[in-house]
Amino acid sequence: MTSQGEHHDLVGTLTGGTWTKPTCPCCTSLNVEPLVLMQLAENVDPVTKKWIISRLEAPVRDGGAQLLVHSGEDDIGNVVVLSAPRCTQLHVTEGLGICKPYKDGNMTPFSYHDRNNFSNVDDMQVFLTLAERQYVVKYQLNFVRAKKDRTIPGVPESRGVLFARESLFRKLEKLGIVKAVIALHDQQKLGALAQAWYAKGQLLGQPLDSIQAYFGSSVAFYFSFLDFYTWALVPPALLGVALMLLPMLRRMAGGINTREGPEEGEPSISGLAVQAVFNMLWSTMVMELWKRRTASLTYQWGTMQLTEHYAEPRPGYHGPPGCNPVTGRPEACFPDWQRQLRVALVSVPVVGFFLVLVALGMASFYYCEALAKNFYTSYDSWLMTPVLYLPSVAHIVYGNMLGTLYNNVAQALSEWENHRDESSYQNYHTTKVLVFNFFNSFAVLFHIAFVKQDLPLLRKRLASLLIITQLVNQCSEVVIPFLVDRFFSSSANKPKEDDPEEDQLRAQGRLPAFPGLFPEYLELLVQYGYLSLFSCVYPLTALLLLINNITEIRTDAFKICRLFRKPFSAPASDIGVWQYAFEILGFVSVVSNCWLLLFSPGVNQLMQETGFSSHGALIFAIMLEHVLILVKMIVAFVIPDEPDWISLKKQQIEFRSVQALKQQKRR
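Right, let's walk through the structure included here. Just so you know, these numbers come straight off a predicted model, no measurement behind them. (Residues numbered from 1 in each chain as written. Predicted model: local features only at pLDDT ≥ 70, side-chain atom pairs only at ≥ 80, totals over all residues. Heavy atoms only, no water.)

**Quick word on unusual backbone geometry**
Positioned with a positive phi, asparagine 120 is a non-glycine residue whose angle comes to about 60°. Assignment of secondary structure puts asparagine 120 in the loop between strand 5 (107-109) and helix 3 (124-127). Asparagine 120 sits in the partly exposed class, given a relative accessible area of 47%. A positive phi is found at glutamine 453, a non-glycine position, where the angle reads about 55°. (Helix = DSSP H or I, 4+ residues; strand = E, 2+ residues; numbered from the N terminus. Buried < 20%, exposed > 50% of the residue type's maximum accessible area, 1.4 Å probe, protein only.)

**As for the sheet that holds strand 1 (residues 36-40)**
Read across the sheet, four strands follow the order 2-3-1-8 without closing on themselves; strand pairing throughout is antiparallel. The sheet is open, and its two borders are formed by strand 2 (68-70) and strand 8 (178-183), each paired with just one other strand. Within the sheet, the average angular offset between the axes of one strand and its neighbour, ignoring direction, is 20°. Pairing of strand 1 with strand 8, which is carried by five bridges, proceeds in the antiparallel orientation. For methionine 38, the partnering residue across the bridge sits in strand 8 and is valine 181. Its contacts with the sheet put helix 1 (residues 46-57) on strand 1, strand 2 and strand 3 (79-83), and the angle it makes with strand 3 is roughly 5°. (Pairing = 2+ DSSP bridges. Axes fitted to C-alpha atoms, helices over the stretch in contact; angles between N-to-C directions. Contact = heavy atoms within 4.5 Å.)

**So, helix 16 (residues 518-534)**
Compared with the 24 Å implied by 1.5 Å per residue over 17 residues, the 24 Å span of helix 16 between its first and last C-alpha is a close match. Of all 17 residues making up helix 16, 15 are buried, and the element is well covered by its neighbours. (Expected span 1.5 Å × (residues − 1).)

**Thoughts on the packing of helix 13 (residues 422-451) against helix 16**
A pair of packed helices is captured by two measures, namely the crossing angle of their axes and the spacing between those axes. Orientation of helix 13 relative to helix 16, taken along the N-to-C sense of each, is 35°, at an axis distance of 11 Å. For the pair helix 13 and helix 16, the crossing hand works out as right-handed. Contacts between helix 13 and helix 16 pair Thr430, Val433, Leu434, Asn437, Ser441, Phe442, Leu445 and Phe446 from the former with Phe518, Leu522, Leu525, Val526, Gly529, Tyr530, Leu533 and Phe534 from the latter. Class assignment of the residues belonging to the contact of helix 13 with helix 16 gives a composition of twelve nonpolar, four polar and no charged. (Left-handed = near helix turned anticlockwise from the far one by under 90°. Nonpolar A, V, L, I, M, F, W, Y, C, P; charged D, E, K, R; others polar.)

**Observations concerning the nonpolar core**
With 120 residues, the main nonpolar core has Met38, Leu56, Leu82, Trp197, Phe215, Phe225 and Trp578 as its most contacted residues. Ignoring sequence-local partners within four residues, the contact set of phenylalanine 225 consists of Met287, Trp290, Tyr521, Leu524, Ile575 and Phe582. Ranked by size, the runner-up nonpolar core spans eleven residues in total, among them Phe110, Val121, Met124 and Phe127. (Core = buried A, V, L, I, M, F, W, Y, C linked by side-chain atoms within 4.5 Å.)

**Description of the side chain of serine 83**
Within the element layout of this structure, serine 83 appears in strand 3. Only 2.7 Å separates the side chain of serine 83 from the backbone oxygen of glutamate 33, close enough to count as a polar contact. Sequence-distant contacts of serine 83, defined by excluding residues within four places in its chain, comprise Trp19, Val32, Glu33, Leu35, Leu67, Leu68 and Val137. (Polar contact = N/O pair within 3.5 Å; in protein donor to acceptor, adjacent residues only side chain to side chain.)

**What about helix 4 (residues 130-142)?**
Over its 13 residues, helix 4 extends 19 Å from the first C-alpha to the last, a length consistent with the 18 Å expected when each residue adds 1.5 Å. In terms of residue burial, helix 4 counts as a mostly covered element, since 13 of its 13 residues are buried.

What follows is the structure, encoded as structure tokens:
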């Protein structure tokens, strides 16, 4: 059942054609909400289109998607509009393990058989968010599979064979019949969200619940983490400013300590020590407090007990026909040991090979840089100045080309590993790309810090990276998108209120696809690495990152609202593998900061003046490193991962589940 008012400009009967008539009386409604637009090839055979529509309308038991379908302007067009009947939405909600408010007000995993005891279950536009309703349609499309071998009507038999248990949607994409599947914007809701999010010009605070309702929990978790991380930068930013100002004030007062200020702009020994210990404690506190915030958000958004392992496999999963040992449903089977064997014997060596290529590129850069300097010195002419920049330009081009190639290889490897669940596929793919980008981003800094042991050069390199990177990011993420949207975007891509319904739908299809959140998370991780690993040699790191992130929140909001198609968002309970990546950086930061302190010129000068041997300093650094790691682990253990009230809610949910099971057995 749907209420009136939402999608008011598109709800109802579209011009030409009619909506599917639901077979269930409870799903009948005067108004049908268009949720998803499917774009077919321009030259699609009408027979093929009719067959696709029949598969989308068919009940799940007959191998269909059990959706509501509108054929667009006519039966020969290349547009299909999709919605979902009430029963389909409720069954998928139960299958995903989404929690919804029970009659007593508590969040409880939804049960179709107990649906009448959940609040607002008769009004789907209140019971489920727009993002959830659209994901239901995408979910059903992904898991339409052939019951037996057959040929797709209107497609040559040599190309159109659909094997048993093969994903129909994936096959149609490979054949080029389905060009795009687009979640439709609700312009009224989008305008209200944009006004509350970025249009008012406020610097802090985000409407996270509205973001979750419109874009989904995975997008909302990113913006929540960005907001949380930005606020967490305030303490290290203040500390960094203080550590930079104190030596200047001492010099102004004439109280210079030569042991603590061997070089202009270098932090004192005490400043390095304070910054190193603070980085360790700060990185631990940030991630532990984020875990608590995540637990609260998962309860609030109903994603704390997702059941992906019991759902249908992802469309790309394949293997011999078999039976799921947990659910008893027929599905392809692929042993875990074969997948792990592929990872260990193929994926890991390939990733290692690309890391070697990164190292070779870095070594070639240093070699060519030395040659360029010698060449410039030999000729001693300003005309030879561009030669000095050639190694850097070549290294950047090499890194970009290698990164592009690696991304394609990583995606192919993750697909070949044949993961059953979408989250497992995403985690393995993200891990591969993450390892490469971590090495590519920090290898030069680690080389300068621990091989060359040149902290002044490390400070200059880090400062230039932060300043140049932020300037480039702000230009690419603020100036260019604004100019493109304001002056260069075609008016055909922007739906207008007086346009026909079909034109409004097509206009959304002409927008570019949303590139995903991977580059946004990666940018935050690199920031976090700069801060936690090396900021003790450049205390202003946190301040520069804070300034960047305050604008980053609004620019990212502008991009997702105005410049791209609305993304589908699967229910999420956290930020996924990125959580572990940030925590690993936190542990590496302890080692990094201890050794940076040991290699600092001030400490070396102090060792020479006091006669302290390098062997003794090495032992002291190792002992300090182990003590700080122990302190870090104790702090992480002392801070609970979730608030007490969340633990209580989970226990209550578990108790209700046991009671419900007992009642079913009695029946």
